[in-house]
Amino acid sequence: MTELNDLSRRVARIEAALAQPILAAINPPEPPEPPEPPEPPQPPFTEWRALDHIDSTVEENKRARIPALRNSRDPRDECGTLGDIRGGDWEHGQQLVWKDKESVVPLGYSQWSSNMHKGQLTRRGGLYMWTNIGVSPGLDAKQLKWGTREYNAPARLFAACDFTEIPQEHGLYVSNSANTTLLNCTFLRVGSQGAQWAHRPLPYQQYGADNMPYEVDPNHYVFDSHFVDCGLGGTRPSFNLTYFSPGTSEHPGFLQINGSSFVCDWPEARYDGKRSTGGLVVTPSQGNAPLAGQNMMSMVLVENSLFDFTAGDRSIASIRSVDEIVFEDCAFIARDHAQPFITIDKDYGNLNDTKTKRIVFRNCRSKGVRLNILLAADADENQQSVKHDIDCPGGELVFNGMTGARIS
């Protein structure tokens, strides 16, 4: 008993000296629950309502949102080019904001208003943000390829930015290594694509890798952003909004588009009679490890958005390798269109064993646009097509992406 009392006193003295109990350290309590993951950003409030425009003319839909957004901009200081970020300029983890500039790129040798150069390919953590910036060509500046061309970009955000009549290629062409956001942006008569996000962490064609690979599952957001008459006269016309590998099998991506519009009917028909390209593509691309065992995307969520295309040269939207695709409160219009489809899983040989699982349309309106589900390729690399109507005011349509069948 005396020995036990002595031991108790020694333990008490040691605990007092350390100001913390020893026995609790020997038998620690259960670890606390990990914190809840942060909520994704909420779409900003806007009075824009896509379904209000299902009966509008194409010219009315072109003017439905862009004039109001552009008229709401804060003052900008006019400049020529915005300038570049060189390879060694970026400090890991920094937050850089460029704002309140109106770049009018003059005739000459400048192929871009701004460029984030690749330099040595290392991780660039942090955030790079443009807010209230406009880019357009000056008189006869037909050499302009991109509003901005960026390699190995960190988390990237464009807010209240306007890209106008970029003659050759894209408003923005960003090789991203992390999350991306377009907020209150406009793309008007851009020659090729309004916005192209291209994640390529491996060599492709004759090029080296453009960016570092994703570290975590990436998130991509498009809120209240609008594309009108893009794809005419440029050297690389394609979909208005392009995502090349916005996720991988290792790090599946999430894409949310809310309160946005894609409208095209060029003032003059192209040589082949076409008057538009397409609105949205989400696809695996070269410069990435092959997909294996897991779809590229966990979800593509499109809400309160308008797609209005006349005499298009491709599908209105093309989406591949997604666990679940949801369209809610959207309006779809095809005018004199030979390919009036939202196409799922067109396989160019890079889907491997992945396949979109579920497609949902909730309270959507359609004039002439249908769903086109392409089933897995057979031994001869042929794909069977299963088409469905998608007009469902006040209702919900659910489709199995594996079989093409409607399931509710």
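Please refer to the structure higher up on the page.
So, how was this worked out
Residues numbered from 1 in each chain as written. Predicted model: local features only at pLDDT ≥ 70, side-chain atom pairs only at ≥ 80, totals over all residues. Heavy atoms only, no water. Helix = DSSP H or I, 4+ residues; strand = E, 2+ residues; numbered from the N terminus. Contact = heavy atoms within 4.5 Å. Areas by Shrake-Rupley, 256 points an atom, 1.4 Å probe, with all protein chains shown as cover. Core = buried A, V, L, I, M, F, W, Y, C linked by side-chain atoms within 4.5 Å. Buried < 20%, exposed > 50% of the residue type's maximum accessible area, 1.4 Å probe, protein only. Pairing = 2+ DSSP bridges. Axes fitted to C-alpha atoms, helices over the stretch in contact; angles between N-to-C directions. Polar contact = N/O pair within 3.5 Å; in protein donor to acceptor, adjacent residues only side chain to side chain. Phe/Tyr/Trp six-rings, centres within 6.5 Å; stacked < 30°, edge-to-face > 60°. Lys NZ or Arg CZ within 6 Å of the ring centre and 35° of its normal.

A.B. asks: Which parts of the structure should I look at to understand the overall build of the protein chain?
C.D. replies: Summing up its helical and strand segments, the protein chain has four helices and 28 strands in all. Expressed as a percentage of contacts within the protein chain between residues at least 6 apart in sequence, the contacts between residues at least 24 apart total 79%. Working note: accessible area of the protein chain is about 18,600 Å², and carbon and sulfur atoms make up 51% of it.

A.B. asks: Honestly, the nonpolar core in this entry has me stumped. Any pointers?
C.D. replies: For soluble globular proteins, nonpolar side chains are generally found buried alongside one another. With 66 residues, the main nonpolar core has L241 and F361 as its most contacted residues. Counting residues per element, this core draws most heavily on strand β4 (residues 127-137), at four residues. In contact with F361, other than residues within four places in its own chain, are F327, F332, I342, L371, I390, C392, G395, E396, L397 and F399. With twelve residues, the next largest nonpolar core counts A50, L51, I54 and V263 among its residues.

A.B. asks: Help me understand the pairing of strand β18 (residues 297-303), please; the structure alone is not making it clear to me.
C.D. replies: Look at any regular strand and the pattern is simple: side chains alternate between the two faces of the sheet. Extensive coverage of β18 is indicated by the burial of six of its seven residues. Pairing of strand β15 (residues 253-258) with β18, which is carried by six bridges, proceeds in the parallel orientation. Counted as the bridge partner of I257 is V302 from β18.

A.B. asks: What is the right way to read the sheet that holds strand β26 (residues 370-374) from this model?
C.D. replies: Across a sheet, strands are paired by hydrogen bonds formed along the backbone, either parallel or antiparallel in direction. Taken in spatial order, the ten strands of this open sheet run β3-β5-β8-β11-β14-β17-β20-β23-β26-β27, and their pairing is mixed. The sheet is open, and its two borders are formed by β3 (112-116) and β27 (385-389), each paired with just one other strand. Going across the sheet, the axis of each strand differs from the next one's by a mean of 10 degrees, ignoring polarity. Inspection of the sheet shows strand β11 (residues 195-198) paired to strand β14 (residues 241-244) by four bridges, in the parallel sense. Along β14, the bridge assignment pairs W197 with Y243.

A.B. asks: What's the story with unusual backbone geometry in this structure? I'm lost.
C.D. replies: In most cases, non-glycine residues show a negative phi, while peptide bonds are predominantly trans. Although it is not a glycine, N184 adopts a positive phi angle of roughly 55 degrees. Here N184 lies in the loop between β9 (180-183) and β10 (186-188). Of note, the phi angle at S245 is positive, near 50 degrees, even though the residue is not glycine.

A.B. asks: When you look at the side chain of H388 in this model, what are you seeing that I'm missing?
C.D. replies: For H388, the position within the fold is in strand β27. According to the relative accessible area criterion, H388 is buried, its value standing at 16%. In terms of polar contacts, H388 uses its side chain to reach the backbone carbonyl oxygen of G404, at 2.6 Å. Ignoring anything within four residues of it in the chain, the contact list for H388 reads R370, L371, I373, F399, G404, A405 and R406.

A.B. asks: What is the right way to look at the packing of aromatic side chains in this model?
C.D. replies: How two aromatic rings sit relative to each other is given by the distance of their centres and the angle of their planes. Scanning the model with the defined rule gives 20 aromatic pairs in all. With 6.2 Å between their ring centres and 65 degrees between their planes, W146 and Y173 make a pair best called edge-to-face. In this pair, W146 sits in strand β5 (residues 146-153) while Y173 sits in strand β8 (residues 172-176), placing the two residues 27 residues apart along the sequence. Y173 carries the same exposure label as W146, and that label is buried. Ring centres of F327 and F361 lie 5.1 Å apart, and the angle between their planes is 10 degrees; this geometry places the pair in the stacked category. Of this pair, F327 sits in strand β21 (residues 322-328) while F361 is found in strand β24 (residues 358-362), placing the two residues 34 residues apart along the sequence. Here F327 falls in the buried class, since its relative accessible area comes to 0%. The lysine or arginine in question, R314, covers the ring of F239, its NZ or CZ lying 5.3 Å from the ring centre.

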